[in-house]
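Each chain, written out:
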Amino acid sequence: MTPSGTTTPPPPTTSTSPPPVGSDDYYRDAIGKTGPALKAALHGIIKNGTKLSYDQVWEALKVTDEDPNNSANVMLFYENRSLSKSASGGNPDDWNREHVWAKSHGNFGTATGPGTDVHHLRPTDVTVNSTRGNKDFDMGGSPVGEAPGNFTDADSWEPANFAKGDVARMIFYMAVRYAGGDGFADLEVNNSVNNGTNPFMGKLSVLKQWSEQDPPDAFEKRRNQLIFERFQHNRNPFIDHPEWVNSIWP
């Protein structure tokens, strides 16, 4: 403890320290830009990072999505339910790796790159993952029994309110990060559902609404920082700067 009336000086920083959450140092090439110029600048920043294998994703998710109240568990994304880290696999009631940007939208599968990008991979119940399938995102549908608060119909999925903004920001990240380089399709957000194998995800107007109504929370911010510091060494800019959504997609 320090004596009354005194403070402990902060530890020295070095140039090798990772920039803090939302640091304008990390985004210095994007600051002040808008529209297509902002999107291009962000792509140039976040394309630089470490790519994981699909097997490595298992271990990354055990860190990035750890239950803050139980270090032996992960939090299931759509369900907001805690489950043992060891219950990963393909059996019913296990958890597996959900591609929030459906991997068939652009046909990247589980290839190293978009197929293994932890910024849009989340732990989910195997059955719930299957039910979501490769549907686009929109409002409405029938309740999903194993994931209360989620709804689905033939061509879309509506996540529960606590996950809506997270979904939107992951989709926006993917559309900026994967712009036709790396040998993969140019991913983009559109205002449609039923996008099939085209490299598009919708519905843009709904995703923008979700991003505003469900701003980044502590779990999402911590996850972004862990991915940056320990795994991919890049960030989701829409967690750090949610206002950039409307600048790029007015």
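Quick caveat: nothing in here was measured; it's all calculated off a predicted structure.

Quick notes on the sheet that holds strand 3 (residues 81–84)
Item 1. On the basis of which strands lie adjacent, the open sheet formed by 3 strands has the order 1-2-3 and antiparallel pairing. Edge strands, defined here as strands with exactly one partner in the open sheet, are strand 1 (66–67) and strand 3.
Item 2. Examined bridge by bridge, strand 2 (residues 70–76) and strand 3 share 4 bridges and lie antiparallel to one another. Bridge pairing links Asn73 to Ser84 in strand 3.

Examining helix 4 (residues 161–177)
Item 1. Counted at 1.5 Å a residue, the expected span for helix 4 with its 17 residues is 24 Å, and the 25 Å between its end C-alpha atoms agrees.
Item 2. Judged by how many residues are buried, helix 4 sits mostly within the fold: 15 of 17 residues are covered.

Observations regarding the pattern of salt bridges
Item 1. Inspection of the entire model under this criterion finds 14 salt bridges.
Item 2. Taking the shortest distance from any N to any O, the salt bridge between Arg28 and Asp25 comes out at 3.4 Å.
Item 3. Relative accessible area serves as the criterion here: at 46%, Asp25 is assigned to the partly exposed category.
Item 4. A salt bridge links Arg177 to Asp182, with the nearest nitrogen and oxygen atoms 3.0 Å apart.
Item 5. In this structure Arg177 comes out as buried when scored by relative accessible area, which is 3%.
Item 6. Given a relative accessible area of 43%, Asp182 falls into the partly exposed group.

What counts, and where the lines are drawn
Residues numbered from 1 in each chain as written. Predicted model: local features only at pLDDT ≥ 70, side-chain atom pairs only at ≥ 80, totals over all residues. Heavy atoms only, no water. Pairing = 2+ DSSP bridges. Helix = DSSP H or I, 4+ residues; strand = E, 2+ residues; numbered from the N terminus. Expected span 1.5 Å × (residues − 1). Buried < 20%, exposed > 50% of the residue type's maximum accessible area, 1.4 Å probe, protein only. Salt bridge = Lys/Arg side-chain N within 4 Å of Asp/Glu carboxyl O.

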